[in-house]
Amino acid sequence: MVFPQKKQRSYSLNNYYFKFSFLMNNTENESIWSDFLGKKLLLVAMSLVLLTHGVIIYFTLPQTYDAFVHLFFADHYARFWFEPWEYRWYTGFLTISYPPLVHQAMALLSKIFPLKVAFCMYAITIIEILVVGVYRFTKLFFDKTTAGVAALLVVLLSSIVETLHVYGQMPTLTGLSFLLNALPFLYQYLVKGKLLYLAMALTLLAVVVSSHHVTAIFGMAFFIAPTVFMALVDSLLKVPSNIFHFSFAIIKQGLKKYKSLILFGVLMLSLAVGLIFPYWYWSKTDPITQVSIPHGSRDNFFKNTSSGLIFFVVPLTLIFALLPAISYTITRQKRFIGWAVAFFLCLLLGSGGTTPLPKKLLGDNAFNILTLDRFGFWASIIAIPFMAKFILSFVAGPVQQFWTRITSASSHFILSAISGFSYLLFLIFIFHLSSFRPLQPKEIQVQPIINFLNRDEHMRWRYLTLGFGDQMAWLSSNSIAATVDGNYHSARRLPELTSRPVERLENAKFSGDEGLASLKDFLQNAEKYSLKYVFSNDRYYDPLLYFNGWNRTIRLENGIMVWEKGNISTIKPLQPKKLSPLLKYAWGIIPMSSLCMAVLMTFIYLKWYKQKDYSQNIPTTHYTYPAAVIYSSSLLPVILFTGFMTRQVYELLLVKEQKDPTTAVLNYFNHLDFQRFENAFHFFTPSPTYTLDQYLLEKSVSDGGLLPSYAKLDSIGVKELQKDKDSALVKVYTRWRTALGAREKYDTFKMRHLNEAWYLQPPPFESEIVDEQMRNYSYTLFKKMGKRVISSFPTVKDDRVKKPFAAYKQVNMVRHGAENFITGELLNSDDIPINAALKVILHYKNNINRIFYPGTAFQYNLSPKASTFFQVQIDDTETMDSLQLASIELYTETDVNEKGYIHGGTIGYSVTPALNNQVVINAAMYNELTTDINIPGLLIAEKDSAGNIWQVKLEINIKAIRSGLSSRFLQPFKKIGGNAVMIKNYPLQLFINGQQRSATPVKKDALANANRGIAILPHCFISQEIYLQ
Amino acid sequence: MRTLLLHIILLIFVAACTNPKPVKPIWANATDTLLLPHANLEFLTATEGCKATLLTCTQPIALPVNYAKGKLVAELQRTGGIIEGNAEICLSVGTAFFYYPVFLKNGSVTKPVTKDYRSPKTVNPDSALHHQRLLHRIDAYRNLVTLDNSSRYFREEEVYLGSKTGTFRAVKNLALSSYYVQPGSCVNIPLTLTYNIVQNAYCIKAGPLKDRYNNMVGNGTMVAFIYGNNRATYRVERTLQDGFATAMIPAEMAVGCTLQARVNETVSCYINLKK
């Protein structure tokens, strides 16, 4: 192919504007139509918004990240317009921590329509305003036809599609749509100096401030500053070509217009402060002091490619595809310099932690607080006019002419068709992104949960959701019950949440050890927060809940399991944070007034003041695209989008999962982790004797334990021990995250090479079959009868039963190095099964009281006359000595409980000594029950010869025990008896159900003495609900 | 714009218009204590459209009113009896409210009944076998009436209960007065050992377990069978049903072991497991 000479490779865009042949056939009417072409395209764009986003948004809404949070805030304003105290999350927070306009507007709509419908209506309205905003914004740069194309681009731009349908960020979109509408007025004001334009600009910017503070703050830098700069350039009579002269001229022009600039600056600042003054007041009086929560937008996108896909590739692929054209156009004129800086800066900041530059530019603090994807989003918005310019040129301008000349019209058509089609496929992919890469759990019907909360005064306690995703906010929106969790991180003030990098408790497992530690704090210290109910949508948390004293109560119609903790006090009245009534009224009135004012002013402007020659002072663009830009920007979209979609199809259908032993093993475990068992089965050597049925059967009899039923694969390592042409031997190291901590496992697989694929050899299966055909076991089940009178009056609740009797068999305070704990034994001395709640209060000399609760080293439910060991970890020695401990109180509250007192099967054990004061417990557990014991556990107490308990620990085995079978395992146990001391010099007072008690004299334990001081009780988790654990 | 301004000014004028304040009606047959049933309440007033309400300590009672000869008459005759105490008669006209404090009293005590109130109570022979009760009387309108031959309204008594386990009612047909006597702790644990040849297992039966009053120990009580030898220790947990707990122990694991059953601190004698 012969390329034209450089000079001939330039084409004027201006000459081709009116040859928009696919829309106009009649050349006589060309000039008439061309005036209105921009508006026609705008109308088409607005109609397309309704047809596309309007149709789909109701269905994408439940899968978005943020939509439900905004719905929750909207629900707050619908219920309590003038009361910013929201008690339902985090034990209470102030809603003045987020600009209210969007939520208040939705709240008003929700008075007529259901909340979700109100959200959708609001979202569509905002997108329509955004389309108009982009149209008007583009007119600052180019002609109306380009602006019309820009408006069309809004409908299809991946970053906007993602922000709306994947993130559901309505405040961002609201702020942006009004900001873009305000910019032309600001520009006109600075160029023409008319106060009307200033008023219009400020009115619209007021809506931005009231909608989204971040857009307002950064909008000043990335949108308003370039607009001001462009207005100053356009005000120059002649633009100097020399850069120094140009700089000087701009400064001079700025000084010439200093009154206008200062007036705008002062008024803008006053609006920014005054409109949402309660927000600034809150920021100052209650500053955010919490550990930064990791966010994918701050990742290195090369290392974490999934974050790169979501936060960079999906929103910005079109921008990268057209980057040569954008870069060329945006740097072509001096009036665009501000926009060029803003665009490239936003693009750089949007790249997150891929390079160290964003962190250096923003500083550590801002970098760790901000979600950086919004910068990429703004870059894409700034790029719209420049993309529209090129697209128009490509479809019906000089670029089209270029392609037609050097190839043919049909080649250009094919190129356009492939580019457009692949981009549309890419868009469809984004619409269904949540299907390909689930971002949220499946939709949960909240009505059964609401019914549960409404009945039997369950709302008098707080609840917690697990595995709900952002739908926890939707549940909150539909109920007036309170949860300890929440979904607005800036408002969190509970130390258990702010001291760890945990996004939410409900998805704690995704925050690793820190997340589970935070969740454990709440589950153990449930009394502190009146947390009584947990709605679990993820069995991953079951072991953590059970071993921390929670009992399953009921499985609701929607499949959600309700867990309950006994002996939890109802929510104590909490004083809301004090806020002046004036601020409350200001918050309820001023932001909404800004929107009303914007609507009114827009109406007045359109009716009486709108000028037809709106863009008359905007310079006409006269420049051309070089051939290199035309080639790259025309071909890159085809390459990138077809490449992206091809890769998706390849990953979905064509990837060779068994190309080598390591890949095969990695993919096998990947399928196993996501419970795609049929896919996992296909990694085994095809054999008529090893069928899918056989695989699933073998799996079913070895499943159920902590691994893999309650675990998530954390990391995997594969080592090829031996490999030849047809076979291999690999060793696999897997690390599993469970709710009870990490577990590691080693497996060895033999592999075979068949038909160009590597297969696993099925591991030898040792069947354990119980002799009996049918097993039986007698259970004694209890039913608590509850009230005698049908009444909601609280004092007669549970009036059939009293507080059950319990007794301390012994209580000790033990110090082991820096650690201190209270150990002992508690007896259910009643004739009914009980749930017991322990609480240790340390009274220090300076009136500081600290409260501690037991963790997993305690059986919370006891059958009649059963006893349990317990251990409560308390302050460390340094704290205790520095604060000067005065006394210790141990409280036990008991309640009748019909569940949870079956603790497992028969245990057998022998203890052998080991080095370093260790013993090895050779344990066996026989499951005589009629159900599997899913997580066999042993509650181990170390006793001295006199019978005193020194420490108590829960040790669990990862393998389940099927009914009628037994399991043996070795458990090392470190004794502390020789190194620890029993502290007797602090007064230790004991209470049961509020009454002071004393412990019975400690007796020698002959069994423990015969087993090197080790006493063991079974403490197992049984997943089948019928057995009431 | 000018028209709009005119409308706004007119609106301000309209909003500024107020009705004259009504004058407080005079209670013609005023009294400190209203003895029910009572004659009509008469008020002198020129204002029409008054509503009358008797605000008792527990509820508001709307009184029918009529006007006759410049008087407002509120009828109390239909009220048979009432909860006695401080009250107020409230006359209202629009947004104006006028209050007249009175003391309500019934003319006579009607159908007094004696109430024996006992809080739901569960007793356990291991601790104490007594129960408190509270006696009082109320009339048909739920006013407290003094107890017979006394000026007191309440009398507290302590009732000693029998040691037999069961659910009892202090007052017939009144579920709320139930009390419960639970069995206490067992005093000894008889053990029976049999060898089942078919299953090659020992069948250990503990029971009947009884408390010191010869009541059968409660169902669900945990009995731990602990057996072992110098090699290992085993613990089998069973719950009591009708006084008995049974465990099957495979013979191959237990031959030569000694076994003991435990319920809390109560232990059985040791037995040797032999075929």
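Worth saying up front: this structure is predicted, and the values here are computed from it rather than measured. (Residues numbered from 1 in each chain as written. Chains lettered and ligands numbered in written order. Predicted model: local features only at pLDDT ≥ 70, side-chain atom pairs only at ≥ 80, totals over all residues.)

## Considerations on the overall build of chain B
Rules: Where helices and strands are cited, they refer to DSSP runs of H or I of at least four residues and of E of at least two residues respectively, numbered from the N terminus. Field definition: a residue is buried when 20 or more other C-beta atoms are found within 10 Å of its C-beta, exposed when 12 or fewer are, and partly exposed for counts in between, with C-beta atoms placed from the backbone. Residues are defined as contacting one another if the C-beta atoms placed from their backbone atoms lie within 7 Å.
Within chain B, the secondary structure is distributed over 2 helices and 24 strands. Here chain B holds 275 residues, and 25% of them are scored as buried. Restricting the contact set of chain B to residue pairs at least 6 apart, pairs at least 24 apart contribute 57%.

## Some remarks on the overall build of chain A
The test is simple: The size measure is the radius of gyration over C-alpha atoms, and the globule rule it meets is 2.2 Å times the number of residues to the 0.38 power.
In terms of regular secondary structure, chain A is built from 34 helices and 26 strands. The C-alpha radius of gyration of chain A comes to 34 Å, within 12% of the 31 Å expected for a compact globule of 1029 residues. The buried share among the 1029 residues of chain A stands at 47%. Look at the contacts in chain A between residues 6 or more apart in sequence, and 74% of them connect residues 24 or more apart.

## Concerning the interface of chain B and chain A
Bring the parts together and some accessible area is lost; that lost area is often taken as the interface size. What counts here: Three residue categories are used. Nonpolar comprises Ala, Val, Leu, Ile, Met, Phe, Trp, Tyr, Cys and Pro, charged comprises Asp, Glu, Lys and Arg, and polar comprises the others, including Gly. Strand pairing is assigned whenever DSSP identifies at least 2 bridges connecting the two strands.
At the junction of the two partners, chain B supplies 24 residues and chain A supplies 26 residues. Elements supplying a minimum of two residues to the side of chain B that touches chain A: β19 (222–228) and β20 (233–239) of chain B. Taken together, the residues of the side of chain B that touches chain A sort by class into 10 nonpolar, 12 polar and 2 charged. Strand direction decides the pairing type here: strand β18 (residues 906–913) of chain A and β20(B), joined by 3 bridges, are antiparallel. Directly across from Gly908(A), in β20(B), lies its bridge partner Tyr234(B).

## Section: the nonpolar core
What tends to happen in soluble globular proteins is that the nonpolar side chains get buried as a cluster. For clarity, the cut-off: Note on terminology: a nonpolar core is any set of buried Ala, Val, Leu, Ile, Met, Phe, Trp, Tyr and Cys residues joined through C-beta atoms within 7 Å.
Core analysis: the largest hydrophobic core is formed by 293 residues, its most contacted members being Ala151(A), Ala201(A) and Met387(A). The element that contributes the greatest number of residues to this core is helix α18 (residues 373–396) of chain A, accounting for 16 residues. In this view, Ala201(A) contacts Ala182(A), Phe185(A), Leu186(A) and Tyr189(A); residues no more than four positions away in its chain are not counted. With 15 residues, the next largest nonpolar core counts Leu41(B), Leu63(B), Val102(B) and Leu104(B) among its residues.

## Quick look at helix α3 (residues 67–79) of chain A
Residue and element names in this part refer to chain A. What counts, and what does not: The span you would expect from a helix comes to 1.5 Å times its residue count less one.
Helix length check: α3 (13 residues) gives 18 Å between terminal C-alpha atoms against 18 Å at 1.5 Å per residue, within 8%. Within α3, 12 of the 13 residues are buried, which leaves it mostly tucked inside the rest of the structure. Turning to α3, its buried residues are Ala67, Phe68, Val69, His70, Leu71, Phe72, Phe73, Ala74, Asp75, His76, Tyr77 and Ala78. The inward-facing, buried residues of α3 abut β1 (85–86), α4 (101–110), α5 (115–139), α8 (170–192) and α23 (471–477).

## Remarks on the sheet that holds strand β18 (residues 201–206) of chain B
Residue and element names in this part refer to chain B. Just so we agree on the cut-off: Where helices are involved, their axes are fitted lines through C-alpha atoms of the stretch in contact, as for all axes, and angles between N-to-C directions lie from 0 to 180°.
One open sheet holds the 3 strands; their spatial order is β17-β18-β21, and the pairing between them is antiparallel. Lying at the two open borders of the sheet, with one neighbouring strand each, are β17 (191–196) and β21 (245–250). Between one strand and the next, the sheet's axes are offset by a mean angle of 20°, whatever the strand orientation. Direction of pairing for β18 relative to β21: antiparallel, over a ladder of 6 bridges. Bridged to isoleucine 204 within β21 is alanine 247.

## Focus on the sheet that holds strand β12 (residues 819–828) of chain A
All names here are of chain A. Reading across the sheet, the 4 strands line up as β16-β12-β11-β23 and stay open at both edges, with antiparallel pairing between neighbours. Of all strands in the sheet, those bounded by a partner on one side alone are β16 (867–874) and β23 (981–982). Relative to β16, β12 runs antiparallel, the two being bridged by 8 bridges. Residue pairing across strands places leucine 827 opposite serine 867, the latter belonging to β16.

## Overview of unusual backbone geometry
A cis geometry characterises the amide bond from Gly207(B) onward to Pro208(B), with omega recorded as 0°. Among the structural elements, Pro208(B) can be located in the loop between β18 and β19. A positive phi is found at Glu756(A), a non-glycine position, where the angle reads about 60°. Phi at Asn916(A) takes a positive value of approximately 55°, unusual for a residue other than glycine.

## Quick look at the packing of α5(A) against α18(A)
Residue and element names in this part refer to chain A. Heads up, the rule is: In these notes the angle categories are as follows: under 35 degrees is roughly parallel, over 145 is roughly antiparallel, 65 to 115 is roughly perpendicular, and the rest is oblique.
It is at 9 Å that the axes of α5 and α18 come closest, and there the two elements cross at 75°. Relative to α18, the element α5 lies roughly perpendicular. Counted together, Val134, Phe137 and Thr138 of α5 and Ile384, Pro385 and Ala388 of α18 form the full contact between these two elements. For the contact of α5 with α18, a count of residues per class yields 5 nonpolar, 1 polar and no charged.

## Brief notes about the environment of Pro438(A)
Mapping Pro438(A) onto the fold places it in the loop between α21 (433–436) and α22 (447–454). As for Pro438(A) and Tyr87(A), which are separated by 351 residues in sequence, their C-alpha atoms are 31 Å apart.

## Focus on the confidence of the model for chain A
Where we set the bar: A score from 0 to 100, pLDDT tells how confident the predictor is in each residue.
Residues of chain A with pLDDT of at least 70 account for 93%, and the chain-wide mean is 87. Confidence over residues 1–28 of chain A falls short of pLDDT 50; this stretch has 38 contacts with residues more than four positions distant or in other chains.

## Overview of the confidence of the model for chain B
Residues and elements named next belong to chain B. Per-residue confidence for chain B averages 86 on the pLDDT scale, and 94% of its residues sit at or above 70. Element-level pLDDT for chain B is lowest in helix α1 (residues 2–16), with a mean of 73, against a maximum mean of 94 in strand β22 (residues 258–263). For this predicted complex, the interface score ipTM comes out at 0.76, alongside a pTM of 0.85.

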